[in-house]
Amino acid sequence: MRKTSIEKSLLEARLKSQGFFRCYDDERIPVIEVDSFPNLGRLVALRFIEWIQLNPEGVVSLPTGKTPEYFIRWMNHILENWSRSDVRQLREEYDIPHQRPEFSRLHFVQIDDFFPMPPDHPNSFIAYIKRHYLLPFGFNTSRALLMDFEHMKWPNDLTVDDIFPSQFIDLSLRTRTPNNEREHIQREAIFTLDTFAQEYEQRIRDLGGIGFFLGGIGPDGHIAFNVRGSDFFSTTRLTYTNFETQAVSAADLGGIEISEKKAVMTIGLGTITYNPDVVAIVMAAGEAKASILSDAISQPAGIINPCSVLQRVPNARIYLTSGAAVRLHQRRLAKFDQDPSYNDDDIVRSVMDVSLKHDTAIAELKKAQLSKDPLCTAIMEARNWKMDELKEAARQLVQSRLAKGAEALQDRRFLHTGPHHDDILLGYLPSIIHQIRSATTQHHFAIMTSGFTSVSNNYVQKVVQQALEYLDHWDFQRKWEAGFFTQSEQQLRVKDTFRFLNGVVSQNEDIQRRCISRRVIRAVMDIYEREDLGGLRESLRYILKDIQHRYPGQKDPKDIQRLKGTMREFEEDLAWAHFGFGADYVHHLRLAFYKGEYFTEEPTEIEDLPPIQELFAQVKPDILTLAFDPEASGPDTHYKILQAITAQLSKLPPKGREDLEIWGYRNVWHRFHPGDANMYVPVSINSLGTLDRIFKSCYLTQRDASFPSHEHAGPFSELVQRIFVEQFHMLRTALGPDFFYQHETPRLRGTHGILFMRSMSYEELKASARSLRESVGRT
């Protein structure tokens with residue numbers, strides 16, 4: 001393999017001249033920063049193409065998952081349109097040679113995979129690699145080193161399913177005595193896998209090691225499946241993951257109950273760094289990754305953050321978006337130096353950071369504490385302030401934001417929007433509870449997608465089986481004969497919602513189950529156009545059979561998508577019926593772009609904007625709420641809904657946009673820094689209890705937490721409570737404990753949580769949302 005060094009990269013030289021590639025003293029791994037997720041994919045694709053042209057017989061490893069979405073899209077776009085004028089112009093801009101890259105002589109090394117996982121299983125990483133890399137790019141599959149466990153020789157000529165029927169791999173068998181014949185065979189199989197791993201490692205080293213490595217970074221800092229605590233000299237091995245990794249993988253595998261059983265085969269950190277000339281790139285987007293990236297880049301290397309091993313690699317680079325770079329301190333300060341017009345958010349952020357760092361109220365901060373913070377010093381110099389003036393300004397801002405969050409509004413029409421069902425409730429229910437107390441306010445709740453991807457097959461199987469049994473129940477037979485199921489959908493939604501909640505308050509689970517069964521039956525009648533009892537029974541049996549033969553995580557056909565979507569919609573109806581809002585106030589838009597694809601498609605103006613336009617015309621809101629997660633910092637649907645709503649707002653008359661107040665919220669996927677929120681909503685114990693109770697009694701598809709956050713092994717409502725309490729501790733520290741305990745108003749004296757939100761104008765929202773047109777090949 002021809003030796004290359006990053007210093008000779010013409011592309012990176014061009015990036016330096018454009019300002020994307022700057023080096024700072026506190027960054028131990030060089031960073032390339034871009035403005036958006038698509039541009040991140042574009043630059044990484046160009047760097048990969050440049051490397052291939054310099055190393056036509058090199059060894060490459062490319063990642064799986066959702067992080068490389070735009071890398072893959074840009075690679076396909078560039079390769080398929082190599083001679084087109086716009087691609088030619090792009091290549092010339094970054095000094096990419098004119099010859100199209102040749103992949104057939106490259107060696108491809110698979111990074112990791114789950115075990116057990118058949119290679120032809122659509123969820124396997126081998127299938128992903130073939131689908132997105134080997135076939136589209138033109139790799140020679142005979143030169144691909146893959147983790148194919150299917151063709152290994154297993155003990156007694158058994159299959160993997162024979163050896164591990166439960167899919168759980170007990171790695172303690174490496175060191176303990178087997179208890180029975182099955183465990184003897186399992187231990188032998190584990191040693192077979194260990195031998196495979198050793199030979200896999202040797203084959204990589206025989207090739208000279210990996211020349212180009214591209215990966216993402218996990219919530220614990222993992223690269224490949226080298227989770228927190230992995231040895232920097234680790235090699236290819238069969239191992240376990242941790243909860244954070246299992247939670248992130250749950251969506252791909254069909255639930256945490258699947259991912260927690262899986263072992264993984266992964267190359268090691270030592271494998272990645274074996275070749276001293278390896279070009280090792282980690283790409284990351286979104287503020288949710290900012291903290292773990294900051295530690296990997298700026299803190300001393302250590303096994304607590306596996307990505308920090310790249311500090312030892314001369315040709316390592318971190319490609320990230322500006323959101324992912326927000327915790328790189330010198331980089332952030334340099335941006336302020338370029339534009340020293342510090343705003344209120346900067347004041348709150350800088351002073352709050354010092355307050356929380358020293359666990360000291362803002363009013364009690366010492367000069368030495370503030371003067372050591374570069375941003376606080378820069379603000380005082382720019383404003384010509386003394387230390388006490390900075391502290392007082394910060395303290396007044398925090399209190400004013402608390403006052404705005406506590407304000408009870410009158411004569412306002414609210415349009416509450418959520419990308420998925422439960423987003424509104426988890427995001428800011430305490431604020432809603434406060435605002436609906438006034439009879440002069442109006443409230444509408446709109447869920448933009450059908451949310452079917454978060455419903456597990458196990459749940460569908462359970463409720464469909466219950467519905468099938470309900471057909472023989474006297475209650476069903478009486479209602480069927482009375483024509484109950486021929487009523488309008490709107491009427492049935494109201495009745496089933498009301499009766500279910502009666503079952504909740506009376507603690508009668510039979511009533512609740514019957515209501516769910518009626519919802520399932522009505523959905524099946526609509527989806528499969530069944531009006532006779534025999535056809536209805538046949539359709540329910542068909543669904544059961546179909547679900548039983550589908551693998552977890554498989555994309556659902558449209559009929560099952562609709563069925564799962566109606567289950568989620570019923571849950572949302574139940575939530576807002578608690579407060580008297582019936583079917584006329586809860587809108588299910590089912591936007592068309594949400595199809596369950598692995599890489600979620602972009603909303604389109606033709607299909608997705610008209611339902612939003614119709615909703616706006618109906619509600620005529622004064623206040624619009626929306627999930628305000630930065631790009632790549634939550635489920636990708638959140639940001640795409642943000643784009644769609646922003647696009648619709650752009651079509652309103654200027655006066656309509658100016659009069660509209662927009663409230664942004666976040667929930668379990670990403671959090672506001674106190675400086676980024678300008679509404680601090682007080683949360684009482686009663687509100688915390690109400691949120692938890694509604695979530696656990698109504699959102700039944702989510703109660704078992706099959707798709708949890710990586711931060712909490714349990715229902716989302718419990719994590720939200722923890723977040724609200726942590727945010728309260730932030731304000732109690734900043735304002736001093738007596739501020740709340742001795743406040744003149746009972747509401748603030750009874751505060752035990754704080755909800756962060758952001759009030760903004762259309763122009764501010766527009767600046768945060770990438771245009772729907774700004775995508776691959778259209779930037």
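Residues numbered from 1 in each chain as written. Predicted model: local features only at pLDDT ≥ 70, side-chain atom pairs only at ≥ 80, totals over all residues. Heavy atoms only, no water.

Details of the overall build of the chain
Definition in use: Each helix corresponds to a stretch of at least 4 residues labelled H or I by DSSP, and each strand to a stretch of at least 2 residues labelled E; elements are numbered beginning at the N terminus. Here the globule rule is a power law, 2.2 Å times the number of residues to the power 0.38, and the radius of gyration is based on C-alpha atoms. Classification of residues uses two cut-offs on accessible area relative to the type maximum, computed with a 1.4 Å probe and protein chains only: under 20% is buried, over 50% is exposed, and between them is partly exposed. The contact criterion used throughout is that any non-hydrogen atoms of two residues lie within 4.5 Å.
When its secondary structure is counted, the chain shows 31 helices and 18 strands. A globule of 779 residues ought to have a C-alpha radius of gyration of about 28 Å, and the chain, at 28 Å, matches this closely. Seen through its C-alpha atoms, the chain measures out along the principal axes to roughly 80 × 75 × 60 Å. Here the chain holds 779 residues, and the buried ones make up 58% of them. Taking the intrachain contacts of the chain between residues at least 6 apart in sequence as the baseline, contacts between residues at least 24 apart amount to 79%.

Some points on the nonpolar core
Note the threshold: In this description, a nonpolar core means a group of buried Ala, Val, Leu, Ile, Met, Phe, Trp, Tyr and Cys residues linked to one another through side-chain atoms lying within 4.5 Å.
Residues Leu425 and Trp576 are the most contacted members of the largest nonpolar core, which totals 71 residues. Looking at this core element by element, the count peaks at 8 residues for helix α21 (residues 509-527). Filtering out sequence-adjacent residues up to four positions away, tryptophan 576 remains in contact with Ile424, Leu425, Leu429, Ile432, Phe445, Phe581 and Val586. One finds Tyr342, Leu615, Phe739 and Met760 within the second-largest nonpolar core, a separate group that totals 59 residues.

Examining helix α16 (residues 387-406)
Condition: By this rule the span expected of a helix is its residue count minus one, scaled by 1.5 Å.
Across its 20 residues, α16 extends 29 Å between first and last C-alpha, which sits within 8% of the 28 Å expected from 1.5 Å per residue. Every buried residue belonging to α16 is among Leu390, Lys391, Ala393, Ala394, Leu397, Val398, Arg401, Leu402 and Gly405, and all of these are buried.

With respect to the pairing of strand β7 (residues 212-215)
Put simply, the rule is: Two strands qualify as a pair provided that DSSP identifies no fewer than 2 bridges between them.
Side chains of β7 alternate between two faces, with Phe212 and Leu214 and Phe213 and Gly215 buried alike. For strand β3 (residues 59-61) and β7, the ladder comprises 2 bridges, and the chain directions are parallel. Residue pairing across strands places valine 60 opposite phenylalanine 212, the latter belonging to β7. Pairing of β7 with strand β10 (residues 279-284) involves 4 bridges; the strand directions are parallel. If you follow phenylalanine 213 over to β10, its bridge partner there is alanine 280.

A short note on the side chain of glutamine 512
Structurally, the position occupied by glutamine 512 is in helix α21. Discounting residues that sit within four places of it in the chain, glutamine 512 has contacts with Phe500, Gly503 and Val504.

Looking at the confidence of the model for the chain
This is how the line gets drawn: For every residue, the predictor assigns a confidence score, pLDDT, that lies between 0 and 100.
Averaged over every residue, the pLDDT of the chain is 93; residues scoring 70 or more account for 98%. A low-confidence stretch, residues 1-7 stays under pLDDT 50, and its non-local contacts, those more than four residues away or across chains, total 23 contacts.

Section: a negative patch on the surface
The line we're drawing: Note on patches: the residues involved have over 30% relative accessible area and no salt bridge, like charges join within 9 Å, and the nonpolar side chains Val, Leu, Ile, Met, Phe, Trp and Tyr join within 5 Å. Surface exposure here means Shrake-Rupley accessible area, sampled with a 1.4 Å probe, where a residue is shielded only by the protein chains that are shown. We define a salt bridge as a contact between a side-chain nitrogen of Lys or Arg and a carboxyl oxygen of Asp or Glu at a distance within 4 Å. Lys and Arg are tallied as positive, Asp and Glu as negative. Neither His nor the chain termini are counted. By convention, the point assigned to a charge is CZ for Arg, NZ for Lys, CD for Glu and CG for Asp.
Together, Asp120, Glu150, Asp161 and Asp162 give the surface a local cluster of negative charge. Inspection of the secondary structure puts aspartate 120 in the loop between β5 (112-115) and α5 (125-137).

Description of the environment of asparagine 226
Selection rule: Two N or O atoms form a polar contact when they lie within 3.5 Å of each other; inside protein one atom must be a possible hydrogen donor and the other a possible acceptor, and for residues adjacent in sequence the pair counts only when both atoms belong to side chains.
Relative to the elements of secondary structure, asparagine 226 occurs in the loop between β7 and β8 (237-239). Of the residues examined, asparagine 226 reaches a relative accessible area of 0% and is grouped as buried. Along the backbone, asparagine 226 and asparagine 242 are 16 residues apart, and their C-alpha atoms lie at a distance of 9.9 Å. Beyond its immediate chain neighbours, meaning those up to four positions away, asparagine 226 contacts Ser234, Arg237, Thr266, Ile267, Gly268, Leu269, Ile272 and Pro306. Among the polar contacts made by the side chain of asparagine 226, one reaches the main-chain carbonyl oxygen of isoleucine 223 at a distance of 3.0 Å.

As for the environment of phenylalanine 756
Take phenylalanine 756: it is sitting in strand β18 (residues 751-760). Here the alpha-carbon distance between phenylalanine 756 and proline 674, two residues 82 residues apart in the chain, equals 7.2 Å. If we skip the residues at most four places from it in the chain, phenylalanine 756 touches Phe672, Pro674, Ala677, Met679, Tyr680, Gln727 and Met730.

Section: the packing of aromatic side chains
Centre distance and the angle of the planes are the two values used to describe a pair of aromatic rings. Applicable threshold: We call Phe, Tyr and Trp rings a pair once their centres come within 6.5 Å, taking the six-membered ring for Trp, and we label the pair stacked below 30 degrees between planes, edge-to-face above 60, and tilted otherwise. Put simply, a charge is over a ring when the Lys NZ or the Arg CZ is close to the ring centre, within 6 Å, and near the line of the ring normal, within 35 degrees.
A full pass over the atoms with the stated rule returns 45 aromatic pairs. On the basis of an interplanar angle of 80° and a centroid distance of 5.2 Å, the ring pair of phenylalanine 484 and phenylalanine 485 is categorised as edge-to-face. Summarising the burial analysis for this pair, phenylalanine 484 and phenylalanine 485 share the class buried. One aromatic cluster is present, formed by Phe48, Trp51, Phe71, Phe103, Phe108, Tyr128, Tyr133, Phe137, Phe139, Phe212, Tyr598 and Phe599 through successive ring pairs. If you follow lysine 479 out to its NZ or CZ, it ends over the ring of phenylalanine 484, 5.7 Å from the centre. Over the ring of phenylalanine 672 we find arginine 666, and its NZ or CZ is 3.9 Å from the ring centre.

Quick look at the sheet that holds strand β17 (residues 679-684)
Strands belonging to one sheet form pairs held by backbone hydrogen bonds; the direction of such a pair is parallel or antiparallel. Heads up, the condition is: Helix axes use the C-alpha atoms of the stretch in contact, all axes being lines fitted to C-alpha atoms, and the angles between their N-to-C directions lie in the range 0 to 180 degrees.
Spatially, the 7 strands line up as an open sheet ordered β14-β13-β12-β15-β16-β18-β17, and their pairing is mixed. Edge positions in the sheet fall to β14 (586-588) and β17, since each of these pairs with one other strand and no more. Neighbour-to-neighbour, the strand axes of this sheet turn through a mean angle of 25°, independent of strand direction. Alignment of strand β13 (residues 442-447) against β14, held across 3 bridges, turns out to be parallel. What sits directly across from isoleucine 447, in β14, is histidine 588.

Concerning helix α4 (residues 85-93)
Condition: Here, the arc refers to the directions that run from the helix axis to the C-beta atoms.
If you check which residues of α4 are buried, you get Val87, Leu90 and Arg91. For α4, the buried positions fall inside an angular range of 100° around the axis, keeping them on one side. In this structure, α4 carries Gln89 and Glu92 as exposed residues pointing more than 90 degrees from its buried face. Looking at the buried positions of α4, the neighbouring elements they touch are α2 (37-54) and α3 (69-80). Of the residues one or two after α4, aspartate 95 is the one with positive phi, at around 60°.

Some words on the side chain of arginine 401
Mapped onto the secondary structure, arginine 401 falls in helix α16. In contact with arginine 401, not counting residues within four places along its chain, are Asp344, Asp345, Val348, Pro674, Gly675, Ala677, Asn678, Met679 and Tyr680.

Things to note about unusual backbone geometry
For the bond running from phenylalanine 115 to proline 116, omega is -5°, close enough to zero to count as cis. Mapped onto the secondary structure, proline 116 falls in the loop between β5 and α5. Positioned with a positive phi, aspartate 359 is a non-glycine residue whose angle comes to about 50°. Secondary-structure assignment places aspartate 359 in the loop between α13 (344-358) and α14 (367-371). The backbone phi angle of arginine 590 is positive, close to 50°, even though this residue is not glycine. On the secondary structure map, arginine 590 appears in the loop between β14 and α24 (609-619).

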